[in-house]
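# Inside the fold
Residues per chain, in single letters:
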Amino acid sequence: MRGRLGNPDLKPETKTESEMGADFIWKDRISLSLTYSKQVTTDAIMEVEAPNVSGFNTYEKNAGHAHGNATEASLEGLVYQKNGFKWSMNVNLDRATSVVDTYGRSCYNETPQYIRVCDGVPITQYWGEVIMTKASQLPASRSGTPGAWQVDNNGFLVPVGVGNKWSDGVSKHLWGTTVNIDGVNYNWGTPQPLFSDSTRSLAYAPIGDWTPTFNFGWGNHFTYKNATLYVLFSGTVGGNMYNGAFEWLQNHLQAKNVNMVGVPDSLKKPYLYFVNLAAGGMTSGLTAINGTTTEDNSAYVNSGTFFKLAELNIQYAFNSSQYRFVKGLGANRMILQLSGLNLFRLDAGYNGLDQEGFYTLSDQVRIKYDQLRYPLARRFTTSVSLFY
């Protein structure tokens, strides 16, 4: 089989974009800018499966149709000014969505596997296996004995058998055993993926979406005589983040919560609990029916909301008319500047590495994904500038 078949009927794809906006100014002191844009792409060039008889794997055709929109608001103004002191501020909010309506090919999973490429599925949606958290998620074929299931201290629905509790693993020597419920053998006490009766396989379904309610930036600029202070806050409200970094740490038994030293017996979990949660295929003796979960599941879809002090900049100007040492340097002015980036963050206890992490797909589309890459560093810099 050769790679890609040519297509002499290929046409340029067409993209239309419409934009509307409004600007409001109040007393030359405060300004508000609102912008809305909409994009529609037709005849998008997509790589699709080639007919087997051609001898090629794929070919490009005008098969795609997509649409999206974006909204942005910006507020700027002078907040306070008196006796040489001045405070100005700017606030920015934005939100964007994008959906591919038709791909012109059968559905498939992009790498990483939580990306579902299918007609009508937003590219921002996470797909994967659903780790059950309540008894109502049990399919009809496996819900005949609801008393054999309990929700454990981590919030997962686990098989324990009638007469047992999720906390009995150590006291009754149940860890490492199997329990049969409604004709299915389960690894005792471990989180279980949702099973679909209709497909007779583990359910593959949406598990989150990284589209935020909005992104924001809030900048403040203060000046007083020769001193200037700039403070920038930024963040995201709403949406999810796939915590691949924590998933990897648990799967390799390196996460902090895997250490059971000092944990009461009723709360202790064996290594099998964690590797099964992240990638049960690595645990011998398990099958896709009795508890194996592959990577990319709902257990690692976390909140994407955060608020951070993104930048702090302080500078002071030394003029030669005020400071003799500046004149001694032969300069008219000297500016001393101190700055810091990524200084402080509030993230509701996020336990991954980088809540602003991303993964770049083969078509250069960036998706939110916290993987094992070096996170955003806290940086401090200082500079001295002389003006002659």
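Everything below is about the structure shown above.
Structural notes, computed from the coordinates. It should be emphasised that the depicted structure is a prediction, and the values quoted were computed from it without experimental measurement. (Residues numbered from 1 in each chain as written. Predicted model: local features only at pLDDT ≥ 70, side-chain atom pairs only at ≥ 80, totals over all residues. Heavy atoms only, no water.)

### Quick notes on the overall build of the protein chain
The test is simple: We count a stretch as a helix when DSSP gives it H or I for four or more residues in a row; a strand needs E for two or more, and each element gets its number in order from the N terminus. A radius of gyration in this sense is built from C-alpha atoms; the matching globule rule multiplies 2.2 Å by the number of residues raised to 0.38. Residue burial is assigned from relative accessible area. The probe radius is 1.4 Å, only protein chains are included, and a residue is buried under 20% of its type maximum, exposed over 50%, and partly exposed in between. Contact criterion: two residues are considered in contact whenever any of their non-hydrogen atoms come within 4.5 Å of each other. Methods summary: accessible areas were calculated by the Shrake-Rupley approach with a probe of 1.4 Å, and residue burial reflects only the protein chains presented. When charges are counted, Lys and Arg contribute as positive and Asp and Glu as negative, whereas His and the chain ends are disregarded. In this description, the location of a charge corresponds to atom NZ of lysine, CZ of arginine, CG of aspartate or CD of glutamate.
The helix and strand inventory of the protein chain stands at 3 helices and 24 strands. Its C-alpha atoms give the protein chain a radius of gyration of 28 Å, more than 25% over the compact-globule value 21 Å for 388 residues. Within the span of the protein chain, comprising 388 residues, buried residues form 39% of the whole. Pairs at least 24 apart in sequence give 62% of the contacts found in the protein chain among residues at least 6 apart. Summing over all exposed atoms, the protein chain offers an accessible surface of approximately 21,200 Å²; the carbon and sulfur share of this is 56%. Looking at the protein chain, you have 32 positive and 32 negative side-chain charges, and the mean spots of the two groups are 11 Å apart.

### So, the nonpolar core
Test applied: By nonpolar core is meant a set of buried Ala, Val, Leu, Ile, Met, Phe, Trp, Tyr and Cys residues that side-chain atoms within 4.5 Å join together.
Counting residues in each nonpolar core, the largest one holds 51 residues, and the members touching the most others are Tyr-114, Ile-115, Tyr-126, Trp-149 and Tyr-242. Top contributing element to this core by residue count: strand β4 (residues 56-82), with 4 residues. Non-local contacts of Trp-149, meaning those with residues more than four positions away in its chain, are made with Met-132, Leu-138, Arg-142, Leu-157, Val-158, Pro-159, Val-160, Ile-181, Tyr-186 and Gln-192. If you look at the next biggest cluster of nonpolar residues, it comprises 5 residues, including Val-231, Phe-233, Leu-309 and Leu-343.

### Considering the pattern of salt bridges
Put simply, the rule reads: By salt bridge we mean one thing: a side-chain nitrogen of Lys or Arg within 4 Å of a carboxyl oxygen of Asp or Glu.
On inspection of all chains with the given rule, the structure shows 6 salt bridges. Two residues, Glu-356 and Lys-308, come together in a salt bridge whose shortest N-O distance is 2.8 Å. Placement of Glu-356 in the loop between β21 (333-346) and β22 (358-360) and of Lys-308 in strand β20 (residues 306-319) is noted, with a sequence separation of 48 residues between them. For Arg-345, the salt bridge goes to Glu-356, with nearest N and O atoms at 2.7 Å. Placement of the pair is Arg-345 in strand β21 and Glu-356 in the loop between β21 and β22, with a sequence separation of 11 residues. A relative accessible area of 28% places Glu-356 in the partly exposed class.

### As for unusual backbone geometry
Within the chain, Asp-182 stands out as a residue other than glycine whose phi angle is a positive 55°. Here Ala-348, not a glycine, exhibits a phi torsion of approximately 60°, which is positive. Mapped onto the secondary structure, Ala-348 falls in the loop between β21 and β22. When its relative accessible area of 81% is taken as the criterion, Ala-348 is described as exposed.

### Quick word on the sheet that holds strand β19 (residues 301-303)
Across a sheet, paired strands are connected by hydrogen bonds in the backbone, their directions being either parallel or antiparallel. Operational definition: For two strands to count as paired, DSSP must find a minimum of two bridges between them. Note on geometry: axes are lines fitted to C-alpha atoms, helical ones only across the stretch in contact, with angles between N-to-C directions running from 0 to 180 degrees.
Across the sheet, which stays open at both edges, the 4 strands sit in the order β19-β18-β23-β22 with mixed pairing between neighbours. The strands lining the two open edges of the sheet, one partner per strand, are β19 and β22. Direction aside, the axes of adjacent strands within the sheet are offset by 50° on average. With 2 bridges connecting them, strand β18 (residues 240-243) and strand β23 (residues 366-370) associate as parallel partners.

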